[in-house]
Amino acid sequence: MHMIYPIVAYGHPMLRLKAKKINQMDKNIVQVIQNMFSTMIQANGIGLAAPQIGKSIQLFIIDSRIFGEKKIFPKVFINPILKPNHTSKISDFEGCLSIPGIQAQVKRFKKITVQYQDIDGIKHESIFKDMPARVIQHEYDHLVGKLYIDDCKQSIWQKHQKILTHIQKGHVHVPYKMLFYKEAQHTSPLER
Ligand SMILES: [Zn+2]
């Protein structure tokens, strides 16, 4: 039986923590990954980071189809380290399950090298570009307490301020369960 986790909403301090390294791959981690996969699919996401389900550990999953796979399975990244291959960045729209109702353009490195461990603890070093590179950079940011909107211009923040405040207050209607941090409701998103 897979469990569906509530997704931690924008405004919750969990999303601002630096995630801890995973030292040992065990049954628990495997179960968490399976549950995260069910949660991601149910929420119609293409990626999900552990802090988004309330676990501050260095783990994220991405829908295998992003990498050109025909079958859907979670591509697992544990203890990832990212390095840009060159400095060129490209801009494209992103969204986040923790920040529903908003999409904005973000600049990301076009090509990156990623060192990570898989579900069996085996180390890999791979190069990713374009869409996979973008999704990896988005999910990786969750592990260092960063959200994609952090890099957006003030005008984008102003444009979406109302929605951001609603999310903080828990006033959102999405087809998946969310976990809100209601105490954060008095903080303006402009005062980050
Ligand atoms: Zn996200």
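This text goes with the structure placed above it.
In this text, all values refer to a predicted model and were calculated from it rather than measured experimentally.

1. Looking at unusual backbone geometry
Thought 1: The phi dihedral of N44 falls on the positive side, at around 65 degrees, and the residue is not glycine.
Thought 2: Its identity as a non-glycine residue notwithstanding, D130 has a phi of 55 degrees, on the positive side.
Thought 3: Its 12 C-beta neighbours within 10 Å are what place D130 among the exposed residues.

2. So, the nonpolar core
Thought 1: In terms of nonpolar packing, the biggest core is built from 41 residues, with I7, M36, L48, I53, F60, I61 and I136 touching the most fellow members.
Thought 2: With five residues, the single largest contributor to this core is helix 2 (residues 130–143).
Thought 3: Setting aside its immediate chain neighbours within four residues, I7 contacts T39, A43, Q52, I53, L97, S98, Y176, K177, M178 and L179.

3. A short note on the environment of S155
Thought 1: Within the secondary structure, S155 sits in helix 3 (residues 154–169).
Thought 2: In sequence terms S155 and A50 are 105 residues apart; their C-alpha atoms lie 30 Å from each other.

4. Digging into the pairing of strand 4 (residues 74–84)
Thought 1: Direction of pairing for strand 3 (residues 59–63) relative to strand 4: antiparallel, over a ladder of five bridges. Residue pairing in the sheet places D63 in a bridge with P74 of strand 4.
Thought 2: Direction of pairing for strand 4 relative to strand 7 (residues 111–117): antiparallel, over a ladder of five bridges. Opposite K83, over in strand 7, you have T113 as the bridge partner.

5. Observations regarding the sheet that holds strand 3
Thought 1: With antiparallel pairing, the five strands of this open sheet are ordered in space as 2-3-4-7-8. The open sheet is flanked by strand 2 (47–49) and strand 8 (123–129), the only strands paired with a single partner. Across the sheet, the mean angle separating the axes of adjacent strands is 40 degrees when strand polarity is ignored.
Thought 2: Pairing geometry for strand 2 and strand 3, over three bridges, is antiparallel. Within strand 3, the position partnered with L48 by the bridge is I61.

Quick notes on the rules
- Residues numbered from 1 in each chain as written.
- Predicted model: local features only at pLDDT ≥ 70, side-chain atom pairs only at ≥ 80, totals over all residues.
- Buried ≥ 20, exposed ≤ 12 C-beta atoms within 10 Å, placed from the backbone.
- Core = buried A, V, L, I, M, F, W, Y, C linked by C-beta atoms within 7 Å.
- Helix = DSSP H or I, 4+ residues; strand = E, 2+ residues; numbered from the N terminus.
- Contact = placed C-beta atoms within 7 Å.
- Pairing = 2+ DSSP bridges.
- Axes fitted to C-alpha atoms, helices over the stretch in contact; angles between N-to-C directions.

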